[in-house]
Amino acid sequence: MSKMSDGVFPFQIGNFECIAINDGTFVYTGESFFINAPKKRMDQVLREHNIQSGEITTPWPSLFINTGKHKVLVDTGAGAGTVPSAGKLLEKLKNEGIEVKDIDTVILTHGHPDHIGGTLDTRGKPAFPNARYVMLKDEWDFWMSEPNFMHLKLGDELKQFILMSARKNLPPIQEQLVLIDHETEILPGIVAIAAPGHTPGHMALAISSGGEQLLHISDTVLYPIHMEQPDWYPAFDFAPEQASVTKHKLLNRAAAEKVMVFAFHFPFPCLGYVIEKGKAWQWQPI
Ligand SMILES: [Zn+2]
């Protein structure tokens with residue numbers, strides 16, 4: 001039996017059977033999540049959210065979707081050997097009776113290490129041998145070029161790690177790769193939405209079945225505080241102004257359509273609703 005405390009949370013979107021499966025957790029500094037926030041105000045807001053240490057622990061969850069016809073995995077976690085607190089995805093899939101060979105579609109929302117780290121197995125071969133891997137073309141092109149993100153206020157070691165992770169994990173999937181353009185239906189009921197800013201080809205997804213919809217916003221926002229303080233952005237955002245446009249578009253849509261949202265780094269199981277509040281929003285976890 002899966003329990004939410006194990007980081008495994010089954011739920012239903014219409015006829016689609018979904019499972020949020022947490023690859024593990026990671027601790028980020030408040031500064032990296034809110035790089036432009038005034039320090040005093042940030043500390044105060046963190047305390048209001050019961051975060052005393054100034055550090056934010058977030059999950060790294062994949063979303064498994066069984067549409068009835070297709071078995072789909074959205075993002076692959078950090079992979080084995082990255083950090084001791086993660087790399088649990090494959091074991092948890094197995095516990096749920098899901099074999100890697102049964103996954104026919106792997107959707108990568110963007111090329112950051114916590115989303116593509118489990119793309120390969122320990123031999124460096126695609127971990128999901130029968131899957132087509134799907135990414136937005138802009139994202140693939142970005143990482144396959146000479147990406148310059150030296151303007152980001154992240155440590156040099158971390159920037160190097162992000163770059164090396166993409167260089168290692170992405171090229172070996174090329175033969176199984178399908179690159180798509182904006183607003184493409186990947187499978188019946190699963191539509192890609194270009195959500196640029198966090199990275200150049202960052203992708204959100206509208207997942208619909210039986211009159212119900214789930215909006216997977218991946219890293220459009222990293223923490224509920226990014227909804228309440230809409231001007232604060234993380235150091236990881238490649239193009240903060242573009243990210244802000246994307247954020248307004250997606251969160252306004254989620255609030256207007258009252259659809260359930262999956263937000264990758266939010267407290268597990270990362271599911272909830274977005275409510276408009278003045279010129280900002282508020283997160284209502286399920
Ligand atoms: Zn992320």
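Draft legend 1. Structural detail: the sheet that holds strand β12 (residues 260-263). Read from one edge to the other, the open sheet built from seven strands follows the order β8-β9-β10-β11-β12-β13-β14, with strand pairing classed as mixed. Since the sheet does not close on itself, it has two edges, and those belong to β8 (185-187) and β14 (280-285), each with one partner. Averaged over all pairs of adjacent strands, the angle between their axes in this sheet comes to 35°, without regard to strand direction. Note that β8 and strand β9 (residues 190-194) share two bridges and pair antiparallel. Within β9, the residue paired with Leu187 across the bridge is Ile190. In the packing of helix α8 (residues 240-257) onto the sheet, contacts are made with β10 (203-209), β11 (212-218), β12, β13 (271-277) and β14, and the angle to β13 comes to roughly 95°.

Draft legend 2. Local environment of helix α5 (residues 137-144). Glu139, Trp140, Phe142 and Trp143 are the residues of α5 that are buried. All buried residues of α5 lie within an arc of 160° about the axis, which places them on one face of the element. Considering only its buried residues, α5 is in contact with β6 (132-136), α6 (156-169) and β7 (177-180).

Draft legend 3. Quick look at the sheet that holds strand β4 (residues 71-74). In space, the seven strands of this open sheet follow the order β1-β2-β3-β4-β5-β6-β7, with mixed pairing throughout. Every other strand in the sheet has two partners, leaving β1 (8-13) and β7 as the edge strands with one partner each. Pairwise comparison of adjacent strand axes, ignoring direction, gives a mean angle of 25° for this sheet. The sheet contact formed by β6 and β7 spans four bridges and is parallel. In the sheet register, Val134 faces β7, and the bridge partner there is Val178. On top of the sheet, α5 reaches β6 and β7; it is set at about 85° to β6, its chief contact.

Each value, and the rule that gives it
Residues numbered from 1 in each chain as written. Predicted model: local features only at pLDDT ≥ 70, side-chain atom pairs only at ≥ 80, totals over all residues. Pairing = 2+ DSSP bridges. Helix = DSSP H or I, 4+ residues; strand = E, 2+ residues; numbered from the N terminus. Axes fitted to C-alpha atoms, helices over the stretch in contact; angles between N-to-C directions. Contact = placed C-beta atoms within 7 Å. Buried ≥ 20, exposed ≤ 12 C-beta atoms within 10 Å, placed from the backbone. Arc of directions from axis to C-beta.

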